[in-house]
Amino acid sequence: MKKSEATISNLFDIEHTIAKELFEENEYPWEILDKIGDFIMKLGPTLSEDEYYHAVENVWIHKSVQAYQTITVTGPAIIGEGTEIRPGAFIRGNVIAGKNVVMGNSCEYKNCILFDDVQTPHYNYIGDSILGYKAHTGAASLTSNVKSDKQHVVIHFEDENVDTGRKKVGAMIGDYAEIGCGAVLNPGTIIGRNTNVYPLTSVRGAISADSIVKSTAEIVAKRK
């Protein structure tokens, strides 16, 4: 994938997120990561009290959300209509979850945006990441967000390398992407729309849309 393919408009349909305004103000998705918390604090107070619970400071949860007693939610956070929060989920702050999202058992979420109909059902870590419309992460797949040397995360494209200026950048996962069980998306990974990642695969860099990632050495285009 070239850098020009990693724009917000190429990765996401922003009609499927309550954070549409935030995406309209930026060109690349990693530019949004520093702005999620402030955006929630701006948007939250405008949400309808008839539709959202606001019993916890800086947390707005739609009244249709199905949540179990064993979850932990720390604000700022907005959880959208019809979302399910399964047992043991840990929402650590700066989290926006859209409509009909599955926030799975024993999953952890921190500084991330989940578009409508995202599914993260089992044992996932989603940190400093954006998951597009109907993206799905298999059990125990992870978005690794910190390099072992603790230096800035650099995104590797075909035509250039981009220093994000952040020590924590997870994955930008395009609409309809499927991430296999046990896969690890290394810091600064970009997954194009409608791309499949095989289970147990370690992914690094930027993967074009409509691809199949079978291993780090074998990435093929989908047949149309």
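Right above here is the structure, for reference.
Residues numbered from 1 in each chain as written. Predicted model: local features only at pLDDT ≥ 70, side-chain atom pairs only at ≥ 80, totals over all residues. Heavy atoms only, no water.

Peer 1: Before we move on, could you go through the side chain of Asp-128 and cite the residues and values that matter?
Peer 2: With respect to the helices, strands and loops of the structure, Asp-128 is situated in strand β12 (residues 125-131). For Asp-128, a relative accessible area of 1% corresponds to the buried category. The contact partners of Asp-128, leaving out residues within four places of it in the chain, are Leu-33, Lys-110, Asn-111, Asn-145, Arg-166, Lys-168, Val-169, Gly-170, Ala-171 and Met-172. (Helix = DSSP H or I, 4+ residues; strand = E, 2+ residues; numbered from the N terminus. Buried < 20%, exposed > 50% of the residue type's maximum accessible area, 1.4 Å probe, protein only. Contact = heavy atoms within 4.5 Å.)

Peer 1: Explain the pairing of strand β25 (residues 218-221) to me, and be specific about the residues and the numbers.
Peer 2: As defined by bridge partners, strand β24 (residues 211-215) adjoins β25 across 4 bridges and the pair is classed as antiparallel. Residue pairing in the sheet places Ser-215 in a bridge with Glu-218 of β25. As consecutive antiparallel partners, β24 and β25 are separated by 2 residues. (Pairing = 2+ DSSP bridges.)

Peer 1: Which residues make up the nonpolar core, and what values do they have?
Peer 2: Ranked by size, the top nonpolar core spans 64 residues in total, and within it Phe-23, Met-103, Ile-113, Leu-114 and Ile-190 carry the most contacts. Once residues lying within four places of it in the same chain are set aside, the contact partners of Phe-23 are Ile-8, Phe-12, Ile-14, Thr-17, Ile-32, Ile-113, Phe-115 and Ile-130. (Core = buried A, V, L, I, M, F, W, Y, C linked by side-chain atoms within 4.5 Å.)

Peer 1: Describe the side chain of Thr-195, and please don't skip the residues or the numbers.
Peer 2: Of note, Thr-195 is situated in the loop between β20 (189-191) and β21 (196-197). When its relative accessible area of 0% is taken as the criterion, Thr-195 is described as buried. A polar atom in the side chain of Thr-195 sits 3.4 Å from the backbone oxygen of Gly-192. In this view, Thr-195 contacts Ala-177, Glu-178, Ile-207, Ser-208, Ala-209, Asp-210, Ser-211, Val-213 and Lys-222; residues no more than four positions away in its chain are not counted. (Polar contact = N/O pair within 3.5 Å; in protein donor to acceptor, adjacent residues only side chain to side chain.)

Peer 1: Any details on the state of the cysteines? Residues and values, ideally.
Peer 2: Enumeration over the complete set of coordinates arrives at 0 disulfides. Cysteine Cys-107 shares no disulfide, and the gap to the nearest cysteine sulfur, in Cys-112, comes to 11 Å. Accessibility expressed as a relative area gives 1% for Cys-107, which makes it buried. Among the cysteines around Cys-181, which has no disulfide bond, Cys-107 carries the closest sulfur, lying 12 Å off. Its relative accessible area of 41% is what places Cys-181 among the partly exposed residues. (Disulfide = S-S within 2.5 Å.)

Peer 1: Give me a negative patch on the surface: which residues, what numbers.
Peer 2: On the surface, Glu-5, Glu-158, Asp-159 and Glu-160 cluster together into a patch of negative charge. Summarising the element assignment, Glu-160 is placed in the loop between β15 (154-156) and β16 (161-163). (Patch = residues over 30% accessible without salt bridge, like charges linked within 9 Å, V, L, I, M, F, W, Y side chains within 5 Å. Areas by Shrake-Rupley, 256 points an atom, 1.4 Å probe, with all protein chains shown as cover. Salt bridge = Lys/Arg side-chain N within 4 Å of Asp/Glu carboxyl O. Lys, Arg positive; Asp, Glu negative; His and termini not counted. Charge placed at Lys NZ, Arg CZ, Asp CG, Glu CD.)

Peer 1: So what's going on with the environment of Glu-51? Residues and values would help.
Peer 2: Tracing the sequence through the fold places Glu-51 in the loop between α3 (36-43) and β1 (52-53). For the pair formed by Glu-51 and Glu-81, sequence separation is 30 residues and the distance between their alpha carbons is 8.6 Å. In contact with Glu-51, other than residues within four places in its own chain, are Ile-61, His-62 and Lys-63.

Peer 1: Can you explain unusual backbone geometry? Please cite residues and give values.
Peer 2: Going from Gly-75 to Pro-76, the amide bond is cis rather than trans, its omega being 0°. In this fold, Pro-76 is placed in the loop between β4 (72-73) and β5 (77-79). Positive phi outside glycine occurs at Ser-106, with the angle close to 60°. Mapped onto the secondary structure, Ser-106 falls in the loop between β9 (102-105) and β10 (108-114). Judged by its relative accessible area of 43%, Ser-106 falls in the partly exposed class. Unusually for a residue other than glycine, Lys-134 sits at a positive phi of about 60°. Locating Lys-134 in the fold gives a position in the loop between β12 and β13 (136-137).

Peer 1: Provide a residue-level description of the environment of Asp-13, including the pertinent values.
Peer 2: For Asp-13, the position within the fold is in the loop between α1 (8-11) and α2 (20-24). Overall, the relative accessible area of 29% leaves Asp-13 in the partly exposed class. Asp-13 sits 153 residues away from Arg-166 along the chain, and the two C-alpha atoms are 25 Å apart. For Asp-13, the contacting residues outside a window of four places in its chain are Phe-115, Asp-175 and Arg-193.

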